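Residue-level structural notes
One-letter residues, chain by chain:
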Amino acid sequence: MTGTGASSRPPTFVVGSGGLLGRHVRLALERSASPVSTVSVPWHDPIAARDVLRSELTSFLGSAAASSSAANGRVNIAWCAGAGIVATPADELETEVSLFRDVLDDLRAALPPDIRLALFFASSAGGVYAGSADPPFTEHSEPRPLVAYGRAKLAMEEALTEFCAETGSVALLGRITNLYGPGQALSKPQGLVSQLCLAHLRGTPLPVWVSFDTIRDYLYVGDCAEMVVAALDGLYEHARTSGTNAVVKILATGTGVTLAAVIGETNRVFRRRARLRLPGAGTPSHTRDLRVRSVVWPELGQRSQTPFSVGVRRTADEIALAYAAGTSALPTQVSEISIR
């Protein structure tokens with residue numbers, strides 16, 4: 001486990017700090033002078049992953065309880081991990097859900113009575129609202145996932161809600177829209193903005209399986225990370241005033257962007273048209289319009305947002321550096337892009 005600094009702010013353990021969101025949450029916490037702990041988790045081995053998380057989280061909670069590092073007894077856990085994508089098979093997602101439930105069981109056993117625990121869980125707006133009616137969707141819209149990915153996110157939300165009810169902890173169930181920005185794992189068939197940038201650099205065609213009028217809400221990862229940190233700061237107070245220990249919150253820009261507009265912006269950045277391959281119609285699980293509008297805790301979204309053009313440029317610059325360096329992190333090819 002790694003940790004940084006001593007502060008009057010609550011210490012935070014970031015699970016999944018090597019991923020797109022986790023990396024930026026860690027950086028945002030460090031900028032705010034918050035003590036941060038992380039650990040490398042062998043996600044490919046669920047048994048070993050649980051052992052590592054049990055050991056490190058127990059140590060984290062015990063250290064906070066035994067020292068003055070926790071502010072007023074408060075500690076945070078930000079769960080930013082998630083190996084699954086829309087196309088992940090149901091059995092693999094069930095393994096991820098089971099591991100999450102096991103970790104919550106371990107937290108129940110390890111939680112000291114004098115610690116006030118606040119958690120953030122990275123869920124998916126696209127996953128849970130894919131089959132819902134009447135966009136733009138809000139926190140009050142009925143979740144209707146179309147594939148196992150969305151059902152898995154809902155199952156994890158429910159498990160964390162039960163944990164909070166039993167332990168008195170509080171949680172933010174952050175239903176995040178389409179994240180993009182520097183740090184996207186290009187080896188996965190996801191991340192439209194990043195994959196478009198890579199296709200531009202290589203001059204290779206990118207397969208597009210959905211219509212150009214497909215609408216999504218693209219949230220810059222740095223902005224999302226700042227929202228997560230602000231949420232953890234104010235979560236206990238918001239939970240008290242709202243009367244719920246598990247707060248469902250959509251993390252989004254509130255602006256729908258079409259696929260055509262995303263392609264147009266990357267064309268503008270690279271000053272040429274992307275090569276696209278149009279294999280055919282979209283899959284049955286594809287939803288054309290996934291606009292959202294958050295009506296819960298709106299103050300979290302009332303902060304300056306990175307303009308889409310700026311976010312695309314930053315993403316393109318990072319991928320261009322990796323491409324020029326010939327890094328092994330770049331995939332050899334992408335056969336299909338998943339657009340949540």
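Read on for a plain summary of the structure. (Residues numbered from 1 in each chain as written. Predicted model: local features only at pLDDT ≥ 70, side-chain atom pairs only at ≥ 80, totals over all residues. Heavy atoms only, no water.)

Focus: the pattern of salt bridges
Defined as follows: Salt bridge criterion: a side-chain nitrogen from Lys or Arg within 4 Å of a carboxyl oxygen from Asp or Glu. Each helix is a run of DSSP H or I of at least 4 residues and each strand a run of E of at least 2, with the numbering of both proceeding from the N terminus. Burial classes follow relative accessibility: with a 1.4 Å probe on protein chains only, a residue under 20% of its type's maximum area counts as buried, one over 50% as exposed, and anything between as partly exposed.
Enumeration over the complete set of coordinates arrives at 18 salt bridges. The partner of Asp233 in a salt bridge is Arg9, and the shortest N-O contact between them spans 2.8 Å. Taken together, the residues Asp233 in helix H7 (residues 221-242) and Arg9 in the loop between strand S1 (2-4) and strand S2 (12-15) connect sequence positions 224 residues apart. Look at Asp233 and you get partly exposed, because its relative accessible area is 37%.

Considerations on the nonpolar core
As a reminder, the rule being used: To qualify as a nonpolar core, a set must consist of buried Ala, Val, Leu, Ile, Met, Phe, Trp, Tyr and Cys residues joined through side-chain atoms within 4.5 Å. Contacts are assigned to residue pairs that have any heavy atoms within 4.5 Å of one another.
Residues Ile77, Trp79 and Leu160 are the most contacted members of the largest nonpolar core, which totals 40 residues. Residues in contact with Trp79, not counting those within four places in the same chain, are Val15, Trp43, Leu53, Phe100, Val103, Phe120, Phe121, Ala122 and Met156. Grouped together as the second largest cluster of nonpolar side chains are 34 residues, Leu21, Phe120, Leu172 and Leu232 included.

Here we look at unusual backbone geometry
Comment: phi is negative for the bulk of residues other than glycine, and the bulk of peptide bonds are trans. With omega at 5°, the peptide bond leading from Pro135 into Pro136 counts as cis. With respect to the helices and strands, Pro136 occurs in the loop between helix H4 (125-129) and helix H5 (148-167). Positive phi values are uncommon outside glycine, yet Ala33 reaches one of about 65°. Inspection of the secondary structure assignment puts Ala33 in the loop between helix H1 (20-31) and strand S3 (36-38). Of note in the backbone geometry, Asp134 takes a positive phi value of approximately 65° without being a glycine. Examined against the element boundaries, Asp134 turns out to sit in the loop between H4 and H5. Look at Asp134 and you get exposed, because its relative accessible area is 66%.

Considerations on helix H2 (residues 46-66)
Think of an α-helix as turning once every 3.6 residues; residues three or four places apart then point the same way. This is how the line gets drawn: By this rule, a helix spans an expected 1.5 Å times one less than how many residues it contains. Picture the helix axis, draw a direction to every C-beta atom, and the arc is the one those directions span.
Across its 21 residues, H2 extends 30 Å between first and last C-alpha, which sits within 8% of the 30 Å expected from 1.5 Å per residue. Buried within H2 we find Ala49, Leu53, Glu56, Leu57, Phe60, Leu61 and Ala64. Buried positions in H2, seen along its axis, are confined to an arc of 130° and lie on one side of it. Exposed positions of H2 whose direction lies more than 90 degrees from the buried face are Ile47 and Ala66. For H2, the secondary structure elements touched by its buried residues are S2, S3, strand S4 (74-79) and helix H3 (90-110).

Remarks on the packing of aromatic side chains
Geometrically, a pair of aromatic rings is defined through the distance of the ring centres and the angle of the planes. As a reminder, the rule being used: Pairing of aromatic side chains here covers Phe, Tyr and the six-membered ring of Trp, requires ring centres within 6.5 Å, and sorts the geometry by plane angle: under 30 degrees stacked, over 60 edge-to-face, intermediate tilted.
A complete count under the given rule lists eight aromatic pairs for this structure. Relative to Phe121, the ring of Phe100 lies with its centre 5.2 Å away and its plane at 40°, an arrangement referred to as tilted. One end of the pair, Phe100, is in helix H3; the other, Phe121, is in strand S5 (residues 116-124), and 21 residues separate them in sequence. Take Phe100: its relative accessible area is 3%, and that puts it in the buried class.

Observations regarding the pairing of strand S6 (residues 170-176)
Quick note on the threshold: Strand pairing requires that DSSP identify at least two bridges connecting the strands.
By the criterion of burial, S6 is predominantly enclosed, with seven of the seven residues buried. Judged by which residues are buried, S6 turns out to be covered on both faces: Val170, Leu172, Gly174 and Ile176 on one side and Ala171, Leu173 and Arg175 on the other are all buried. Pairing of S5 with S6 involves seven bridges; the strand directions are parallel. When the sheet's bridge partners are listed, Ala122 is paired in S6 with Gly174. Sheet topology note: the S6/strand S11 (residues 246-251) ladder contains six bridges and is parallel. Opposite Ala171, over in S11, you have Ala246 as the bridge partner.

Quick word on the environment of Val312
Along the polypeptide, Val312 turns up in helix H9 (residues 308-325). Given a relative accessible area of 0%, Val312 falls into the buried group. With 195 residues separating them in the primary sequence, Val312 and Leu117 have C-alpha atoms 36 Å apart. Setting aside chain neighbours within four positions, we find Val312 in contact with Tyr180, Val193, Cys197, Glu265, Thr266 and Val269.

Section: the environment of Gly150
Of note, Gly150 is situated in helix H5. Look at Gly150 and you get buried, because its relative accessible area is 0%. Counting along the chain gives 43 residues from Gly150 to Leu107, while the straight-line C-alpha distance between them is 24 Å.

Considerations on the environment of His238
Residue position: His238 is located in helix H7. On the accessibility criterion, His238 (15% relative accessible area) is buried. Considered as a pair, His238 and Leu196 are 42 residues apart in the sequence and their alpha carbons are 39 Å apart. With residues near it in sequence (within four places) discarded, His238 still touches Val247, Val296 and Trp297.

With respect to the side chain of Arg216
Our working definition: Under the convention used here, Asp and Glu are negative, Lys and Arg are positive, and both His and the chain ends fall outside the count. Between N or O atoms, a polar contact is any pair within 3.5 Å; within protein, one atom must be a potential hydrogen donor and the other a potential acceptor, and residues adjacent in sequence are included only when both atoms are from side chains.
Within the fold, Arg216 resides in strand S9 (residues 215-216). Summary of buried charges: Arg216 has no salt-bridge partner, and the nearest side chain of opposite charge, Asp289, is 6.4 Å away. At 2.6 Å, the side chain of Arg216 and the backbone oxygen of Thr287 are in polar contact.

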